[in-house]
Amino acid sequence: MRKHTFIRAIIGMLPIGILAALIFLDEKQSGNSGMAINTPLFLAFITLMLFGIFMVIEMVRFFVLGRTKYAVANLGVITCIGAFFILASYLDHLVN
């Protein structure tokens, strides 16, 4: 179970790391005068959303199969990743 939780936490932290790097790097916008979409930010957000959807589906599957420890571990990972996303968004608000 530790391996299960650790792998999912690492995969979930990759988009958070990209978001945090984008906050503290010098280049803030892409495109012409900030009019285009910030591609790395968009990809990190989409990856985070897809990972969250996958985790929720897997959590429901684990509950149905009776593997509640894995389901609760997924819930903990989702909660931690969500807290880190809120923290990264708050830091982005403070910096910009």
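Data block above holds the structure.
The rules we used
Residue numbers restart at each chain and count upward from 1, following the sequence in its written direction. In keeping with the model being predicted, local features are shown solely for residues with a pLDDT of at least 70 and side-chain atom pairs are shown and tallied solely at 80 or more, while totals for entire chains, interfaces and linings include all residues. The basis for every side-chain value is the complete set of non-hydrogen atoms in the structure, without hydrogens or water. Only runs of H or I of at least four residues qualify as helices and only runs of E of at least two qualify as strands under DSSP, and these elements are numbered from the N terminus. Classification of residues uses two cut-offs on accessible area relative to the type maximum, computed with a 1.4 Å probe and protein chains only: under 20% is buried, over 50% is exposed, and between them is partly exposed. Two residues form a contact once any of their heavy atoms are found within 4.5 Å. Computed with the Shrake-Rupley method and a 1.4 Å probe, the accessible areas treat only the protein chains shown as cover for residues. Comment: axis = line fitted to C-alpha atoms, over the contacting stretch for helices; angle = value between 0 and 180 degrees taken between N-to-C directions. With respect to orientation, any angle under 35 degrees is reported as roughly parallel, any angle over 145 as roughly antiparallel, any angle of 65 to 115 as roughly perpendicular, and every other angle as oblique. Note: crossing handedness is left-handed where the near helix turns anticlockwise from the far helix by less than a right angle, and right-handed where it turns clockwise. Polar here means any residue other than Ala, Val, Leu, Ile, Met, Phe, Trp, Tyr, Cys and Pro, which are nonpolar, and Asp, Glu, Lys and Arg, which are charged; Gly is therefore polar. Here the aromatic set is Phe, Tyr and Trp, taking the six-membered ring for Trp, and pairing holds for ring centres within 6.5 Å; pairs whose planes are under 30 degrees apart are stacked, those over 60 apart are edge-to-face, and all others are tilted. Our definition puts a charge over a ring when NZ of Lys or CZ of Arg is within 6 Å of the ring centre and also within 35 degrees of the ring normal.

This brings us to the overall build of the chain. Regarding its fold elements, the chain presents three helices and zero strands. Starting at the N terminus and walking to the C terminus, you meet the elements of the chain as α-α-α. Relative to its 96 residues, the chain shows a buried fraction of 23%. Partitioning the contacts of the chain with sequence separation of at least 6, the portion at a separation of at least 24 is 64%. A total accessible area of about 6700 Å² is found for the chain, and carbon and sulfur atoms account for 74% of it.

All right, on to the packing of helix H2 (residues 39-65) against helix H3 (residues 68-95) then. One can describe the packing of H2 onto H3 by two numbers: an axis separation of 8 Å at closest approach and a directional angle of 160 degrees. Relative to H3, H2 is oriented roughly antiparallel. For H2 against H3, the interelement crossing comes out left-handed. Contacts between H2 and H3 involve Phe45, Leu48, Met55, Val56, Glu58, Met59, Phe62 and Phe63 from the first element and Thr68, Tyr70, Ala71, Asn74, Leu75, Val77, Ile78, Ile81 and Phe85 from the second. Counted by class, the contact of H2 with H3 contains 14 nonpolar, two polar and one charged residues.

Attention now moves to the environment of Val95. For Val95, the location among the structural elements is in helix H3. In this structure the C-alpha to C-alpha distance between Val95 and Ile23, which are 72 residues apart in sequence, comes to 7.5 Å.

This part takes up the packing of aromatic side chains. This model, assessed by the stated rule, comprises two aromatic pairs. Geometrically, the ring pair formed by Phe45 and Phe85 is tilted, given 6.1 Å between the ring centres and 40 degrees between the ring planes. Linking Phe45 in helix H2 with Phe85 in helix H3, this pair joins segments that are 40 residues apart in sequence. In this structure Phe45 comes out as partly exposed when scored by relative accessible area, which is 37%. Pairing Phe62 with Tyr70 gives two aromatic rings, centres 5.4 Å apart and planes at 35 degrees, and the pair type is tilted. You can call Phe62 buried: its relative accessible area is 5%. Lying across the ring of Tyr70, Arg67 places its NZ or CZ 4.6 Å from the centre.

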